[in-house]
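Structure assessment
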Amino acid sequence: MTAGTAGASSFARSLIRTKPVDRIVAEGGSGEGGELKRTLGLLQLTAISIGATLGTGIFVVLGEAVPLAGPAVMLSFVLAAVTALFSALSYAELAGTIPVAGSSYSYAYATLGELVAWVCGWCLLLEYAVSVSAVSVGWGAYLNAFFDSAFGFTIPDAVASPPGEGGIVNIPAVLVVLLATFLLLRGASESATANTVMVVLKIAVLLFFCAVAFTAFRSQNLSSFAPMGWAGLSAAGSRVFFSYIGFDAASTAGEEAKNPRRDLPMAIIISLVVVTVIYVLVALAAVAAMHWTEFDIAGSEASLARVLDSATGQTWPSIILSLGAVIAIASVVLTVMYGQTRILFAMSRDGLIPSVFQKVSPSRRVPVANTIIVALFISILAAVIPLGRLVDATSIGTLFAFALVSVGVIVLRRTRPDLPRGFRVPFYPVTPLLGVGFCVYLMVGLGGITWTVFGLWILVGLAAYFLYGRRRSRLAAGPRGRTSP
């Protein structure tokens with residue numbers, strides 16, 4: 001074998017090297033300067049996933065999805081839920097097998113190799129950081145709706161909307177990110193407690209919406225059920241999949257859970273069931289109370305408030321809803337930011353990104369610098385980028401990561417059948433294969449511009465890996481920390 005051939009072979013092996021599951025689990029909780037603290041039980045873990053998921057689509061994206069599918073938007077939520085369910089089952093198995101902070105990034109590292117793990121982690125930046133930015137934009141819309149209904153004024157567009165939508169900078173979106181940052185810096189337990197309270201309020205507000213909207217139920221609004229046919233229903237499904245982003249957030253808390261092998265799978269499945277039931281109820285109440293053609297208006301981010309205005313002709317229901325949405329969407333920002341920082345924590349511990357992301361405060365037991373850096377990045381995106389572009393970019397990155405998790409289940413079953421598993425995917429291997437298929441199907445439903453942006457994002461990520469991550473990977477280090485050839 002020539003030197004060139006040997007070098008090429010060594011290079012190829014470095015791209016597919018996997019991190020042993022035993023090593024991943026053994027390193028759980030440890031960071032530079034301290035360790036994360038195990039304080040989270042099943043209730044808090046479930047609330048983290050519900051907090052990261054519930055509200056994102058209903059409060060923010062419903063107004064954009066209804067014009068695509070009409071009243072059949074209910075089925076669009078079901079289609080997205082089925083896709084999420086297959087992925088959730090795979091997440092549940094891997095979370096109970098590899099209970100660490102890295103979520104699908106760590107699962108890919110253990111099963112598919114370092115390069116795929118890096119790409120997965122890079123896509124998670126779209127799932128978490130970019131989705132927080134999108135939700136922050138929606139939070140600002142509901143804050144304005146609350147001010148308008150309660151006090152008769154709104155924040156000027158110049159400082160409440162991004163460029164391209166009549167504004168210069170979105171200050172409210174930045175404020176909610178800073179609020180979440182403050183809570184995260186106080187500690188994981190404190191953040192989880194605040195989130196649990198906000199989740200309870202969020203569910204109460206959505207049930208209040210259903211109760212009021214169903215009083216204006218008009219069966220004729222459902223007569224033209226699927227005006228755009230299957231194509232519209234499918235396109236809306238691709239769009240509202242954004243509303244299921246976050247159910248995997250509990251898996252990012254693997255190193256702060258008290259009993260991760262038991263509680264993580266249960267939290268993931270319970271949270272998905274809860275949000276799906278609520279999404280379908282709210283979608284039905286909304287399209288039955290207000291004709292689907294009326295959703296196709298500018299500024300649809302606060303569409304539920306407009307439904308209540310239309311249904312009752314009074315302002316007090318929308319005031320309650322808008323105030324509840326302000327609180328509820330803040331919990332999405334909080335929990336998704338939490339998940340993003342823990343994924344970066346795991347990637348930093350593996351040497352693929354700078355070590356600053358794994359530094360743990362000895363007193364607070366949280367990654368302080370990591371949290372601040374993430375907050376700055378998210379604030380910039382939320383301040384200057386319109387909502388719609390953020391939603392589609394987030395969905396395609398998430399679907400890609402979900403597909404990798406399903407593949408990871410199949411690989412790990414074959415390579416490490418001996419590992420203890422807190423949960424096993426039913427009907428294996430059909431279920432994970434269907435998970436891959438549904439994810440690919442919804443990805444195809446996204447527009448060409450979204451695919452172009454996604455392709456460019458992957459190329460930038462690959463450049464970052466080959467210029468930085470591959471050379472500094474701890475997995476490539478020898479027994480004394482030397483980098484292997």
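Residues numbered from 1 in each chain as written. Predicted model: local features only at pLDDT ≥ 70, side-chain atom pairs only at ≥ 80, totals over all residues. Heavy atoms only, no water.

1. Focus on the overall build of the chain
Check the secondary structure of the chain and you find 17 helices and two strands. Evaluated residue by residue, the chain yields a buried proportion of 59% over its 485 residues. Element-wise, carbon and sulfur atoms account for 68% of the exposed surface of the chain, whose accessible area totals about 17,600 Å². (Helix = DSSP H or I, 4+ residues; strand = E, 2+ residues; numbered from the N terminus. Buried < 20%, exposed > 50% of the residue type's maximum accessible area, 1.4 Å probe, protein only. Areas by Shrake-Rupley, 256 points an atom, 1.4 Å probe, with all protein chains shown as cover.)

2. A few points about helix α17 (residues 448–472)
A rise of 1.5 Å per residue sets the reference length of α17, with its 25 residues, at 36 Å; its end C-alpha atoms lie 35 Å apart and thus fit the reference within 8%. Looking only at α17, the buried set comprises T450, F454, I458, G461, Y465 and G469. (Expected span 1.5 Å × (residues − 1).)

3. Notes on the packing of aromatic side chains
Counted by the stated rule, this structure contains 15 aromatic pairs. Note on F147 and F151: the rings are 6.4 Å apart at their centroids and 45 degrees apart in plane angle, and the pair reads as tilted. Here F147 and its partner F151 are both found in helix α7 (residues 114–151), four residues apart, which amounts to about one turn of the helix. Three or more aromatic residues joined by ring pairs make a cluster, and in this case those are W118, W122, W457, Y465 and F466. One Lys or Arg, R413, reaches over the ring of Y428 and ends 4.3 Å from the middle of that ring. (Phe/Tyr/Trp six-rings, centres within 6.5 Å; stacked < 30°, edge-to-face > 60°. Lys NZ or Arg CZ within 6 Å of the ring centre and 35° of its normal.)

4. Section: the packing of helix α8 (residues 171–186) against helix α14 (residues 368–384)
To describe two helices that pack against each other, one gives the angle between their axes and the distance between the axes. Running from N to C, α8 and α14 cross one another at 170 degrees; their axes reach a closest spacing of 9 Å. With respect to α14, the axis of α8 lies roughly antiparallel. Together, A173, V174, V177, T181, L184 and L185 of α8 and V368, T371, I372, A375, I378, S379, A382 and A383 of α14 make up the contact between the two elements. Taken together, the residues of the contact of α8 with α14 break down into 11 nonpolar, three polar and no charged. (Axes fitted to C-alpha atoms, helices over the stretch in contact; angles between N-to-C directions. Parallel < 35°, antiparallel > 145°, perpendicular 65-115°, else oblique. Contact = heavy atoms within 4.5 Å. Nonpolar A, V, L, I, M, F, W, Y, C, P; charged D, E, K, R; others polar.)

5. Focus: empty space enclosed by the protein
Within this structure, the stated rule accounts for three cavities of 30 Å³ or more. L40, I48, L184, A188, S191, A192, N195, L334, T335 and Y338 together form the lining of the largest cavity. Only α9 (188–213) and α13 (316–349) provide two or more residues apiece to the lining of the largest cavity. When residues of the lining of the largest cavity are assigned to their parent elements, the largest contribution, four residues, is made by α9. Of the residues assigned to the lining of the largest cavity, the class counts are seven nonpolar, three polar and no charged. Looking at the second largest cavity, its volume works out to about 50 Å³. Looking at the second largest cavity, the residues that line it are K19, I24, E27, V100, S106, Y109, A346, R349 and D350. Among the elements of the structure, α6 (104–111) and α13 are those that each provide at least two residues to the lining of the second largest cavity. Residues that form the lining of the second largest cavity fall into these classes: four nonpolar, one polar and four charged. (1 Å grid on protein atoms, 1.4 Å probe; cavity = no way out; pocket = protein on both sides within 12 Å on 5 of 7 lines; lining within 4 Å. Points joined across faces, edges and corners; volume = space filled by probe spheres on them.)

6. Thoughts on unusual backbone geometry
Omega for the bond connecting Y428 with P429 falls within 30 degrees of zero, at 0 degrees, which places this linkage in the cis form. Backbone geometry places F427, a non-glycine residue, at a positive phi of 55 degrees. By the secondary structure assignment, F427 is in the loop between α15 (387–415) and α16 (430–444). Taking relative accessible area as the criterion, F427 reaches 69% and is therefore assigned exposed.

7. Some thoughts on the side chain of K19
Tracing the backbone through its elements, the reader meets K19 in the loop between α1 (3–16) and α2 (21–26). Exposure remark for K19: the relative accessible area of 5% places this residue in the buried category. At 2.3 Å, the side chain of K19 and the side chain of D350 are in polar contact. Setting aside residues up to four positions removed in sequence, K19 forms contacts with I24, E27, Y109, A110, D350 and L475. (Polar contact = N/O pair within 3.5 Å; in protein donor to acceptor, adjacent residues only side chain to side chain.)

8. Considering the nonpolar core
Note on soluble globular proteins: their nonpolar side chains tend to be buried together. One finds V73, F77, F209, Y244, L304 and M337 to be the most contacted residues of the largest nonpolar core, which totals 150 residues. Setting aside chain neighbours within four positions, we find M337 in contact with V132, V177, A180, T181, L184, A375 and I378. (Core = buried A, V, L, I, M, F, W, Y, C linked by side-chain atoms within 4.5 Å.)

9. Quick notes on the environment of E255
When you line up the elements, E255 lands in the loop between α10 (229–240) and α11 (260–289). Overall, E255 belongs to the buried group, its relative accessible area being 1%. Placed 216 residues apart in sequence, E255 and T39 show a C-alpha to C-alpha distance of 9.5 Å.

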